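As a plain string of letters, each chain reads:
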Amino acid sequence: MRIRLLIIFLLLTLLPTEAGVVVLRNGKTVEGEILLHNEEVIILRDRSGARYQYPAEEVVSVGESPAADSIPATAAATKNQPAATTSRVVLRLNLSGGFAAVGNNLYGGHIGGELALGSRTIKGKRMMIGGSIGVIADLYGDNTSYIYIPLQAAISCPLTPNRHAPEVGLEMGYAFSASHTKGGVTAGAHVAWRYQISQRSALLLGLKFRVRQDRLPLNFNLDDLNYTARLERCVTETGLNLVLEF
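Just so it is clear, the model here is predicted, and its values are computed rather than measured.

What follows deals with the environment of arginine 92. One can find arginine 92 in strand E6 (residues 88–102). Sequence separation of arginine 92 and valine 243 is 151 residues, and the distance between their C-alpha atoms is 6.5 Å. Excluding residues that lie within four positions of it along the chain, arginine 92 makes contacts with Glu114, Leu115, Ala116, Arg120, Met128, Ser156, Glu167, Arg194, Leu204, Val243, Leu244 and Glu245. Engagement of the side chain of arginine 92 in a polar contact is seen with the side chain of serine 156, the distance being 3.4 Å. Side chain to side chain, arginine 92 and glutamate 167 meet in a polar contact 2.8 Å long.

Pasting the structure below:
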């Protein structure tokens, strides 16, 4: 083990170095001598002699460091400003299922799928903002079922800058009914563990909670007679959530 560490130290010491600028995903820019640069890691030594190691997936770009006397006055004034980080479009396939309830007297389950399109990595942050459309089916014990087509705006963000991290998200929109009911406003939240498969794809597994307003038929008895009325009811759904991001 000591011999391997000694070999690595000698390689970093003897290999030719070049001045460069490393731009990280969090917007930070680090300038110094590039000691090692490959597909997995980048090792850099700054002017004070301190060495820094960055995983390749945390680095946006690596460029040459211009000479101080060759920088125009306008460029020198903005040299220390964070570099802009480009966004990229991502596609998410969202599958969910679990428990569903209408008020306090009707219980069942739900299953659904949604397709979301958004922008990832905004200003150096791994935040996603976009929209989604899907199909959700609520199935209840009295053989009653309701089908909805939700159209929503969504936002989600990992809680830490690590490669694998917990993520939270919010969504809000309108659920159009395909079951001869009115439909209504819908809102939801999720918490999940994000597993980064590659630079562009990830897998998320967690819990999702959603509420929806709708005008649903309600059966009740009065003086031994059965009546049906349509009332504004709140539908709640909670269950597992599986997301595949491309």
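Overall, the prediction assigns the protein a mean pLDDT of 80, with 77% of residues at 70 or greater. Within the model, pLDDT remains below 50 along residues 10–16, and this stretch shows five contacts once partners closer than five positions in the same chain are excluded. Overall, residues 66–85 carries pLDDT values under 50, and its contacts beyond four positions in sequence, including any with other chains, amount to 13 contacts.

Here we come to the side chain of threonine 181. Structurally, threonine 181 can be placed in the loop between strand E10 (165–177) and strand E11 (184–196). Here threonine 181 falls in the buried class, since its relative accessible area comes to 13%. Polar contacts involving the side chain of threonine 181 include one to the side chain of serine 177, which spans 2.5 Å. When residues no more than four places from it in sequence are discounted, the contact partners of threonine 181 are Tyr146, Tyr148, Asp214, Arg215, Leu216, Pro217 and Arg230.

Let us look at unusual backbone geometry. Even without a glycine there, the phi angle at histidine 180 is positive, about 60°. Mapped onto the elements of the fold, histidine 180 is located in the loop between E10 and E11. For histidine 180, a relative accessible area of 75% corresponds to the exposed category.

Within the secondary structure layout, leucine 151 lies in strand E9 (residues 145–158). With relative accessibility at 46%, the residue leucine 151 sits in the partly exposed group. Along the chain, leucine 151 and valine 185 lie 34 residues apart, while their C-alpha atoms are 9.8 Å from each other. The contact partners of leucine 151, leaving out residues within four places of it in the chain, are Ser132, Ile133, Gly173, Tyr174 and Phe176.

Another point: the packing of aromatic side chains. If you walk through the whole model with that rule in mind, you get four aromatic pairs. Measuring from centroid to centroid gives 6.4 Å for tyrosine 52 and tyrosine 54, while their planes differ by 10°, and the two rings are stacked. You can call tyrosine 52 partly exposed: its relative accessible area is 34%. The cationic tip of arginine 212 hangs over the ring face of tyrosine 148; the distance from NZ or CZ to the ring centre is 3.8 Å.

So, about the pairing of strand E4 (residues 51–55). When strand E3 (residues 41–45) meets E4, the two strands line up antiparallel, connected through five bridges. From the neighbouring strand, isoleucine 43 faces E4, where its bridge partner is glutamine 53. The turn linking E3 back onto E4 is made up of five residues, and glycine 49 within it adopts a positive phi angle of 95°.

Inspection of the secondary structure puts threonine 160 in the loop between E9 and E10. Looking at threonine 160, the relative accessible area reads 27%, which means it is partly exposed. Sequence separation of threonine 160 and arginine 126 is 34 residues, and the distance between their C-alpha atoms is 9.4 Å. With residues up to four places along the chain from it excluded, the contact list for threonine 160 reads Arg126, Ala165 and Pro166.

Rules behind the numbers
Residues numbered from 1 in each chain as written. Predicted model: local features only at pLDDT ≥ 70, side-chain atom pairs only at ≥ 80, totals over all residues. Heavy atoms only, no water. Helix = DSSP H or I, 4+ residues; strand = E, 2+ residues; numbered from the N terminus. Contact = heavy atoms within 4.5 Å. Polar contact = N/O pair within 3.5 Å; in protein donor to acceptor, adjacent residues only side chain to side chain. pLDDT = per-residue confidence, 0-100. Buried < 20%, exposed > 50% of the residue type's maximum accessible area, 1.4 Å probe, protein only. Phe/Tyr/Trp six-rings, centres within 6.5 Å; stacked < 30°, edge-to-face > 60°. Lys NZ or Arg CZ within 6 Å of the ring centre and 35° of its normal. Pairing = 2+ DSSP bridges.

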